[in-house]
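Working through the structure, step by step
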Amino acid sequence: MDSKTLIIAGIAVVLLVLGGIVLTQSNTHTQENTTAYVIPLKNADFKYFEIKTPVDSNFTIKNALTNESDRGMIYWKNVGNYSKEIESISINKNLTGRLIPQTMKLIGEGNNTKTYSSDDGANSVYQVVLTKNDTDLILTGRDLNVIDEMINSTVIKDTKGITTPGAKTPEKTPVQNAINKTRDVQTTVDKPKPETPVSKPKVETTVEKPKVEVNNDAELYIGGGMFKTGSGLSDKTYAKIYIGGENAGKDVILRIVYSRDGSNLNSGNMVPVTVDSNGYVEIYSADSYRYYPDNAYIELYDSNSNLKSTQNVRLDPDSSTQYF
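Here the structure is a predicted model, which means the values were calculated and not measured. (Residues numbered from 1 in each chain as written. Predicted model: local features only at pLDDT ≥ 70, side-chain atom pairs only at ≥ 80, totals over all residues. Heavy atoms only, no water.)

1. Notes on unusual backbone geometry
- A positive phi is found at Lys 47, a non-glycine position, where the angle reads about 75°.
- Among the structural elements, Lys 47 can be located in the loop between β1 (41–45) and β2 (49–54). (Helix = DSSP H or I, 4+ residues; strand = E, 2+ residues; numbered from the N terminus.)

This is the structure:
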């Protein structure tokens, strides 16, 4: 083989090697692109607004015990795909400041948006509030990029049917009657409890609010609210319940029995609390529960221990913020 042939052969080998390197780099880049986590969105109509939601998601109204206008807020829970990335959507008027949990921190603010975070690192939950036409839309989930994309696609429509909360619970309902028949048998569940560093007696705690002028003639009722159970074993269950702005400053007694799969997680202490200036009471459970509750039975008493209102709330057994 002459030198010319050897040179040509050598060049061919070099080209093959370089070609293999280029091909390898090209394939690697293509693979990275195909494995990028992208959630496809589709247009959805929620009557009061239009928004893009993840394909195969399924948002269902959860505050089903009263009609929409009485509730002053409508809350949709995602029970389909991507339920962690985007957990829920809610719409309200003038209630957002009372609905965002105290544990959420404001981390960003735009012209008509506010972004909150639970600040739990990789497990953080985000809430983005969009304000348009005196109406607030709240999106809750763990994927802030998806939430922002959904917020940017939102078109608010006619929201005249959404009003300030004013629903009053009837004296008795079929649901309450069924519950009352079983309330006499109060058994606590013998389940392992997580260790807690607190050595003080376990009492349900409330959030202190300044005293305001009291209207003693106003009727006591349960007009909605929210629940939140943290994902940690030591996290307690937080409840914020609307008693009515006309009841601001009143001393009331609240009792909440949490249960899971039909078994009580607590006995339900009678907790004195004062209605704040916005008409809300806030309370934490005495214990942290090893299991997420899937039901909360609320009893509202006046300061003389007279039962004034009750409500049974179905909960999803997870760490999401849940409205009723």
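The discussion continues.
2. A short note on the layout of surface pockets
- In this model, the second largest pocket occupies a volume close to 320 Å³.
- The set of elements that each furnish at least two residues to the lining of the second largest pocket consists of β12 (225–229) and β13 (236–242).
- The class makeup of the residues in the lining of the second largest pocket is 4 nonpolar, 8 polar and 5 charged. (1 Å grid on protein atoms, 1.4 Å probe; cavity = no way out; pocket = protein on both sides within 12 Å on 5 of 7 lines; lining within 4 Å. Points joined across faces, edges and corners; volume = space filled by probe spheres on them. Nonpolar A, V, L, I, M, F, W, Y, C, P; charged D, E, K, R; others polar.)

3. Comments concerning the sheet that holds strand β8 (residues 126–132)
- Taken in spatial order, the 7 strands make up an open sheet running β3-β4-β5-β9-β8-β7-β6, and their pairing is antiparallel. Either end of the sheet is taken by a strand with one partner, and the two such strands are β3 (59–61) and β6 (105–109). Each adjacent strand pair in this sheet contributes to an overall mean axis angle of 20°, direction not counted.
- In this fold helix α4 (residues 144–152) packs onto β5 (88–92), β7 (113–117), β8 and β9 (135–141), with an angle of close to 10° to the strand it touches most, β8. (Pairing = 2+ DSSP bridges. Axes fitted to C-alpha atoms, helices over the stretch in contact; angles between N-to-C directions. Contact = heavy atoms within 4.5 Å.)

4. Comments concerning the packing of aromatic side chains
- Taken as a whole and judged by the stated rule, the model has 10 aromatic pairs.
- What links up through ring pairs into an aromatic cluster is the set Phe 46, Phe 49, Phe 59 and Trp 76.
- Sitting above the plane of the Tyr 280 ring, Lys 240 keeps its charged end 5.2 Å from the centroid. (Phe/Tyr/Trp six-rings, centres within 6.5 Å; stacked < 30°, edge-to-face > 60°. Lys NZ or Arg CZ within 6 Å of the ring centre and 35° of its normal.)

5. Here's the deal with the sheet that holds β1
- Reading across from one edge, β1-β2-β10 is the order of the 3 strands in this open sheet, with antiparallel pairing throughout. Each of the sheet's edge strands pairs with one partner strand only, and the pair in question is β1 and β10 (155–156).
- Across 5 bridges, the pairing between β1 and β2 is antiparallel. Along β2, the bridge assignment pairs Ala 44 with Ile 51.
- Packing of α4 onto the sheet brings it into contact with β1 and β2, and relative to β2 it is tilted by some 150°.

Fair warning: the whole summary comes from geometry, so function is off the table for now.
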